[in-house]
Amino acid sequence: MTYMHIGKDFTPPDVEAKVTGAARYAEDFKKDGMVFARLLTSPIPAGRVVSIDASAALAMPGVLGIFTADDLPEAKPPANPALAKEWVTYIGQPILAVAAESDFLAEEALSKIVVEYQRRPFVVDPLDTLVEGGPDPYPMGNTLIRNSGEAAAGTTASGTDVGRIKWSIDQVTAFRNGREPVGAQFGSEWEFGDLAAQFAACTTIIEEPFVTIGQPHHSLESRTGMAYWENGKCYFHGSLQSHTVGHAALAGMLEMDPANLVFINENTGGGFGSKIFPYPIMAVTGRFSRALNRPVQLRITRDEEFYIGSARSGMQGWIKIGLKDDGRVGAVDVAIINDAGSGGGGSGSSSAEHITIMFQPEAMRFRGLSLYTNTTPRGAQRGPGQNEMAAVLAPMMDKAANQAGLDRVAFRRTNAPRMDGKIGERQGGLSSSYMPEAIDKAAQMFNWEQKIAQPKQISATKVRGIGVGQGFHTAGANGYDGLIRIAPDGTIYLHTGVGNLGTYSYAGVVRASAEALQCNWDNCVVVHGNSELNLPHSTYQGGSNTIFTETRSSHVAAMDIIAKMKEIAVAEFGGAVEDYSIGGERVFLTSDNAKGMSFGEAAQKAIEMGGKYSGMEFPEDINATTKRSVQAMAGTGLIGVAKDLLPRSGAVPGMAIAFIEIELDTETGKFDILDYSAVAECGTVVHPQGLSQAMNGGGVWGFGMAQSERHVYDPQNGLPANVGLYQSKPPTYLDVPVNMNTAGMDMPDPQSPVGAKGIGEPAQGCAVAALMSAFSDALDGHLFNRTPVTADMIVNHIAQNGHNTGNLKTNTF
Amino acid sequence: MNPKLTRRRFIKGVIASSAAAASTSLWYSAIGADRPAGAVERLLSLNVNGQTRRVDVAPQETLAHTLRYKLGLTGTKLGCNRGECGACTVLADDVNIYACSTLTHEVSNKAVMTVEGLRAADGTLHPVQAAFVQELSPACGFCTSGQVMSAVALLKSNPRPTREEARQAMSGNLCRCGAYDHYLNGVMRASGQLS
């Protein structure tokens, strides 16, 4: 299909501000009378606050007050509290905030506050709390129990509780040694197909343990926020990935009417899953400001961002995979212990889901258990579950394919989901899948046949590794609202509640409106980033779902405004709506182009006609946020507003496949990436440059997960050892290839009006999987069965020092 | 690599400013009356973006603090405030430096250039800025100011770098979004090697 805007590069409206320094982030805003708050954080990994003596601090001139857990609704474990008191569960956990006339004074005041703690036992490795007699991270237990209860007041957590699950020493020992923990209790479990029968029919069976270590998000913009209350409203400058979908939740955290909350967030300096929804510390910023009746900037330092900025959950697991003679995956049995840190849930089921779609097994069982540790809270991080499974699974599947005598790529193509592919425990359908074709395209880009024919040994100390990996994430939802206003001067205002997290999807999705309107992009204004600008209820920015979901809502809003323009034209020129067309930013009688009016003239008529045309009336089914926005704009132009009720069924899969060639130095364990080629199966490509950036950025995240990023804790004291960026080691320019080659399949998904699906998360999954596969290939099929694989592990393996998954240790060196 | 930015020179600068870098306080005062004991501010004339700016500066004050909180030049970002990420990169006499790890007093005799000072008088974007727009180099944008300034410094000393040279020269600037490929494309375009 030939599009006017879709599939064309464009310059998103905020790019110039980013290169000139004009783009403002939360910490760049000032307000008259603004005061400065800083956090006091816990020096102990587990315990409770016995007392706080802030008298000396409060006596300092210029110190305005402190804010503690007593000033907030109680957050019952395992809800992650904004400020801790009874349940201190990790080092770095915020205990209180102090506000002063200057940032320096606030920091000085912190040093004068005396907090008495009562210590409790702590644990940093999930298996250490799982074993009988092991310490519990909370006094009441070690695991997440989901219930249907209400979320804790003042939090956005779902109904959860802390329970206790223990395994016998024998079960834990078996698990540590890579064997099935027979008879062990899990927190969740599902199964489809006849597992025993399918395994019996398999001729190749492998059984492996695996470990993936969690890693901090380390968004470059920390979660500094600034809030002030004025004329009954709260103005909040924050940093979220999403925009309007978090608005009501933030208002709930501040216990206020959403109509009185102005959330301003034009730019977000990274989130990667950690800023999808409002996070606990935002409650302190807003409430402290209200208590002091002053604008408050609560600044979060880099260290604090490590502590409260969320992290990926880790996995410790066991898997058994069976292949049939025809190369199909017959059965998979997987058990996963998730490290949920001090709060959050594990992603085990999502990890298992990756297997179900990427390899389409006939039968599968998943058993999972999410355990707390006294480490930083965990949350969604780019492909949570799916990407860490992609990482450890790729070399295992290579091993299985090699044992079965199959080409690794052909094996993946045989098992790849087709249009009738299935996903998950319920084996539901897919909205579309061109994954076999994507594998073919990527293999061709990479020259797979030629690459694997090359000699392994490059020189005396250099070996070649060739890897292949796949990534997946569900990439679509529905039911959100679209909103457009055309002003009498003809300007087309495309309103979106999509957050600006750096993917430019906020602008990309409304291109679907411009496409339907067949209008000049230069006459469009993208309205976003400030709830006072009248934004619609839009989806969250996470889970790769924005492009699919919001091109739908943008499309339905455009359809609504086109229908209204045609009705206005009928009122002016007669006939029926079917007799009219749009083009050249006019609505006109199809049989007589002279009978028509410009979009601007139609907008003027809409104002005169009122009712639904000018937003005086609106559909009942739109969200309250959208309703408020329409009401605020009523009478100012022609309004197009609608909820996405387009048909939808099955899961929307975003998928990607990557190939990689590395040169590994066997003396140092270091490697260079010689070639990286990846193809996205993301439906129609909406914004080619944006796709390239998503695929490349995801690739870099994959390289970091494979080679360097991880949590490291001192098991004796519970101290984190790699708080800073330098220690956490996200990839730099020198850790990634000089060139990266990416492409999109550009095959439309039938359930999106423009055929688009998201790709942000699979972009990382395919890269980490490919690199892990390459490590194994370079080392004659050796499986590390863990992420990251650091240079010292490689050297130790080569030196036959036996560094391997071993006893499934995590969060340590 | 920028020959003016030697490792020795950079380390020397960091050591000189270690007292400031060790503190995470920004001394960002709303009333201007509160400052650390002994931190008597001294009026300095700074050459920033071609203009002389007179500003009171404390002895331990970092350039990032002065720029952001006293001169209102918030284009210079603080990602880590301890010389790890490069988001605060500015130029001092055409050499790229970390403003979070440089004392303002150190640059009192130098020409400081921030991202806000790159546009031509008629508003035209600097070639690096224009190239970064064309190549969609920024992602979230928080590191972009620093990336721009490092690219400008590189091209001043090496107008036609190879991609590998550019990669080395830019390696002090972290991009958590991983937009390195697009930034390198921008550098190559700005140097006239990509059409």
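Rules used throughout
- Residues numbered from 1 in each chain as written.
- Chains lettered and ligands numbered in written order.
- Predicted model: local features only at pLDDT ≥ 70, side-chain atom pairs only at ≥ 80, totals over all residues.
- Core = buried A, V, L, I, M, F, W, Y, C linked by C-beta atoms within 7 Å.
- Buried ≥ 20, exposed ≤ 12 C-beta atoms within 10 Å, placed from the backbone.
- Helix = DSSP H or I, 4+ residues; strand = E, 2+ residues; numbered from the N terminus.
- Contact = placed C-beta atoms within 7 Å.
- Arc of directions from axis to C-beta.
- Pairing = 2+ DSSP bridges.
- Axes fitted to C-alpha atoms, helices over the stretch in contact; angles between N-to-C directions.

Colleague: How should I be thinking about the nonpolar core in this particular structure?
Modeller: Nonpolar side chains tend toward joint burial in soluble globular proteins. Residues and elements named next belong to chain A. By size, the foremost hydrophobic cluster in this structure holds 287 residues, and its most contacted members are A97, V98, A99, A658 and A770. The leading source of residues in this core is helix α21 (residues 762–778), at 11 residues. Contacts of V98, omitting those with residues within four sequence positions, involve A37, R38, L40, A57, V63, I66, A106, A109, L110 and I113.

Colleague: Could you clarify how one ought to interpret helix α12 (residues 408–415) of chain A in this entry?
Modeller: One turn of an α-helix holds 3.6 residues; hence residues three or four places apart share an orientation. Residues and elements named next belong to chain A. Buried residues of α12: R408, V409, F411, R412 and N415, and no others. Here the buried residues of α12 occupy an arc of 160° about the axis, which is enough to place them on one side. Check the buried side of α12 and you find it contacts β15 (329–339), α10 (348–359), α11 (386–403), α13 (435–446), α14 (448–452) and β17 (462–474).

Colleague: Whenever I open this one, the interface of chain A and chain B confuses me. Can you help?
Modeller: Size of an interface: often given as the accessible area lost when the parts come together. Listed by partner, the interface residues are 53 residues for chain A and 50 residues for chain B. Sorting the residues of the side of chain A that touches chain B by element identifies α1 (15–20), β1 (35–41), α3 (103–111), α19 (688–707) and α20 (725–728) of chain A as the ones contributing at least two each. The element that contributes the greatest number of residues to the side of chain A that touches chain B is α19 of chain A, accounting for seven residues.

Colleague: What is the right way to look at the environment of Q444 of chain A in this model?
Modeller: By the secondary structure assignment, Q444 of chain A is in helix α13. Sequence separation of Q444 of chain A and S677 of chain A is 233 residues, and the distance between their C-alpha atoms is 9.6 Å.

Colleague: Help me understand the sheet that holds β17 of chain A, please; the structure alone is not making it clear to me.
Modeller: The strands making up a sheet associate through hydrogen bonds between their backbones, and the pairing can be parallel or antiparallel. All names here are of chain A. Strand order in the open sheet made by the four strands is β17-β25-β26-β29, with mixed pairing throughout. Each end of this open sheet is capped by a strand with a single partner; those strands are β17 and β29 (741–744). Neighbour to neighbour, the strand axes of the sheet diverge by 10° on average, direction disregarded. Bridge analysis of β17 against strand β25 (residues 653–665) gives 13 bridges, and the strand direction is antiparallel. From the neighbouring strand, V468 faces β25, where its bridge partner is F659. Along the sheet, α19 contacts β26 (671–681) and β29; its crossing angle with β26, the most-contacted strand, is approximately 135°. Across the face of the sheet, α21 comes into contact with β17, β25 and β26 while running at roughly 150° to β17.

Colleague: When you look at the pairing of strand β22 (residues 586–589) of chain A in this model, what are you seeing that I'm missing?
Modeller: Moving residue by residue along a regular strand, the side chains alternate between the two faces of the sheet. Residues and elements named next belong to chain A. Bridge count for strand β21 (residues 580–583) against β22 is four bridges, and the pairing is antiparallel. Looking at the pairing, Y580 lines up with L589 of β22. The antiparallel hairpin formed by β21 and β22 contains two residues in its connecting segment, where G584 sits at a positive phi of about 60°. In terms of strand pairing, β22 meets strand β23 (residues 592–598) through four bridges, oriented antiparallel. Looking at β23, one finds that V587 is bridged to M597. The hairpin turn running from β22 into β23, its antiparallel successor, is two residues long.

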